[in-house]
Amino acid sequence: MKKTIFNSCRLLEADFTMANLTGSSFLGSELSGAIFDQTVLEKTDFREAQNYHIDPELNRIKGARFDLDGLPGLLGKYGIKIG
């Protein structure tokens, strides 16, 4: 699924377990309940995406793009308060 464009999509509870999404785009998408587990997300664009939860320890995210508003979706498991 490399370089797939999911811009402005509602991907509620989508399961991307073990998918290779290198270079894909989720720009402006709603990702509530989406599962990212052992997923390759290198150079993937999550700017303006909402409600995602991605564990950086379980997924490859090198070069992925995120907004500052998306930090809770990356750091939530650590109990870090942002803002």
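Now for a look at the structure at hand. What you see is a predicted model, and the numbers here were worked out from it, not measured in a lab.

### Considering the overall build of the protein
Summing up its helical and strand segments, the protein has one helix and zero strands in all. Along the three orthogonal principal directions, the C-alpha set of the protein runs to about 35 × 25 × 25 Å. Looking at the protein as a whole, 35% of its 83 residues qualify as buried. In the protein, the share of contacts with a sequence separation of at least 24, taken over all contacts with a separation of at least 6, comes to 0%. About 5200 Å² of surface is accessible on the protein, with carbon and sulfur atoms providing 52% of the total. Here the protein contributes 10 positive and 11 negative side-chain charges, whose respective centroids are spaced 8 Å apart.

### Re the pattern of salt bridges
Under the criterion given, the structure shown has four salt bridges. When the shortest N-O distance is used, the salt bridge between Glu-42 and Arg-60 registers 3.2 Å. Of this pair, Glu-42 sits in the segment before helix H1 (71-75) while Arg-60 sits in the segment before H1, and the two are 18 residues apart along the sequence. Residue classification places Arg-60 among the partly exposed residues on the basis of a relative accessible area of 48%.

### As for a positive patch on the surface
Positive charge collects at one region of the surface, where Lys-2, Lys-3, Lys-43 and Lys-62 lie side by side. Tracing the backbone through its elements, the reader meets Lys-43 in the segment before H1.

### Details of the side chain of Glu-30
Position of Glu-30 relative to the elements: it lies in the segment before H1. Comment: no salt bridge for buried Glu-30; closest opposite-charge side chain is Arg-10, at 6.3 Å. At a separation of 2.9 Å, a polar atom in the side chain of Glu-30 contacts the side chain of Asn-51.

Parameters and conventions
- Residues numbered from 1 in each chain as written.
- Predicted model: local features only at pLDDT ≥ 70, side-chain atom pairs only at ≥ 80, totals over all residues.
- Heavy atoms only, no water.
- Helix = DSSP H or I, 4+ residues; strand = E, 2+ residues; numbered from the N terminus.
- Buried < 20%, exposed > 50% of the residue type's maximum accessible area, 1.4 Å probe, protein only.
- Contact = heavy atoms within 4.5 Å.
- Areas by Shrake-Rupley, 256 points an atom, 1.4 Å probe, with all protein chains shown as cover.
- Lys, Arg positive; Asp, Glu negative; His and termini not counted.
- Charge placed at Lys NZ, Arg CZ, Asp CG, Glu CD.
- Salt bridge = Lys/Arg side-chain N within 4 Å of Asp/Glu carboxyl O.
- Patch = residues over 30% accessible without salt bridge, like charges linked within 9 Å, V, L, I, M, F, W, Y side chains within 5 Å.
- Polar contact = N/O pair within 3.5 Å; in protein donor to acceptor, adjacent residues only side chain to side chain.

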